[in-house]
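The lines below spell out each chain.
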Amino acid sequence: MQPANIVPRDRLIVALDVPGVAAAEAMIARLGDSVTFYKIGYQLAYAGGLPLVRQLTAAGKKVFIDLKLHDIGNTVARGVESIASLGATFLTVHAYPQTMKAAIDARAGSNLKILAVTVLTSYDDGDLHAAGYRLGVSDLVEARARQAQTLGVDGLVCSPEEAANLRRIVGHRMGLVTPGIRPAGSSVGDQKRIMTPARAIAAGADYLVVGRPVMEAADPKAAADAIQAEIAQALG
Ligand SMILES: O=c1ccn([C@@H]2O[C@H](COP(=O)(O)O)[C@@H](O)[C@H]2O)c(=O)[nH]1
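Just so it is clear, the structure is predicted and the values come from calculations on it, not from any experiment.

About the criteria used
Sequence order sets the numbering: in each chain, residues are counted from 1 along the sequence as written. Only residues with pLDDT of 70 or above have their local features reported here, since the model is predicted, and side-chain atom pairs are shown and tallied only from 80 upward, although totals for entire chains, interfaces and linings are computed over all residues. In computing side-chain properties, one takes all heavy atoms of the structure into account and sets aside hydrogens as well as water. The helix count covers DSSP runs of H or I at least four residues long, the strand count covers runs of E at least two residues long, and both are numbered beginning at the N terminus. In this analysis, two residues are considered to be in contact whenever any of their non-hydrogen atoms come within 4.5 Å of each other. All accessible areas in this document rest on Shrake-Rupley with a 1.4 Å probe, and a residue is counted as covered only by the protein chains that are shown. Working convention for charge: Lys and Arg count positive, Asp and Glu count negative, and His plus the chain ends are omitted. Charged side chains are reduced to one point each, which is NZ for Lys, CZ for Arg, CG for Asp and CD for Glu. Buried means the residue's accessible area, taken with a 1.4 Å probe over protein chains only, is under 20% of the maximum for its type, while exposed means over 50%, and partly exposed covers the values in between. A clockwise course of the path from the first strand over the helix to the second, judged with the strands pointing away from the viewer, identifies a crossover as right-handed.

A. Expanded view of the overall build of the protein. Looking only at helices and strands, the protein features 11 helices and eight strands. The principal-axis extents of the C-alpha atoms in the protein amount to approximately 40 × 35 × 35 Å. Taking as baseline every contact in the protein between residues at least 6 positions apart, the subset at least 24 positions apart corresponds to 65%. Total accessible area computed for the protein in this model is approximately 10,400 Å², and 52% of it derives from carbon and sulfur atoms. For the protein, the distance from the average position of its 24 positive side-chain charges to the average position of its 22 negative side-chain charges is 4 Å.

B. Broad picture of the pairing of strand S4 (residues 90–94). Of all the five residues making up S4, five are buried; the element is thus mostly covered by neighbouring parts of the structure. Every second residue of S4 is oriented toward a common face, with Phe-90, Thr-92 and His-94 on one face and Leu-91 and Val-93 on the other, all of them buried. Handedness of the strand S3 (residues 62–69)-helix H4 (residues 73–84)-S4 crossover: right-handed. Crossover connection from S4 via helix H5 (residues 97–106) to parallel strand S5 (residues 113–117): handedness right-handed.

Written out as structure tokens, the structure is:
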């Protein structure tokens, strides 16, 4: 991964969190040239949305498949082999060593980049403790980032709150992909570790993942354009 060479407009990844293919196609048409990079997650993938990967890449867009895989190594590897043939740029797995190793080995020979989800951006320290973890968010994110780097993972999914510290730890070869992006004045929803687009870029995030602030906007194209402008200004 070479984050330094990212085309500025590709830094915005819009999460196509919609109930089906027709809604996704309508949104893609509405967003037009404002968005070059889309994320397909649980909602759309489980509603028959994976064939959109080929459609989008044929139209010159990039795709991030956000399935956050986590299973026994063999099952992760076979899943990654199937996904690698679709032509997406990114695929997520949870940042567990067996899972990351299986995914990295299985994508060998393809252009698919593996991103490890450190700690979900809807979690805070209390949520981790309730789930049985001894470490708080920042320590667990850091430990998982170090493991991911050792295993040769291409990039990390983290909150922009962790971006500056992770950049110091992993350097510039690993991409930092940050959900938890909220333009000023937008609803936080269930996210707990958030930043504005400008602050996320200043903190060192490479890619900003935005769902509801675009998908639920009265004018999604205007919302995406405003985020693109904020990113461009933050990049100077
Ligand atoms: O830690 C994570 C990992 C993935 N996501 C995904 O990003 C989008 C964010 O959507 P918003 O509507 O902007 O909150 C969503 O698809 C999540 O599944 C995340 O939020 N946090």
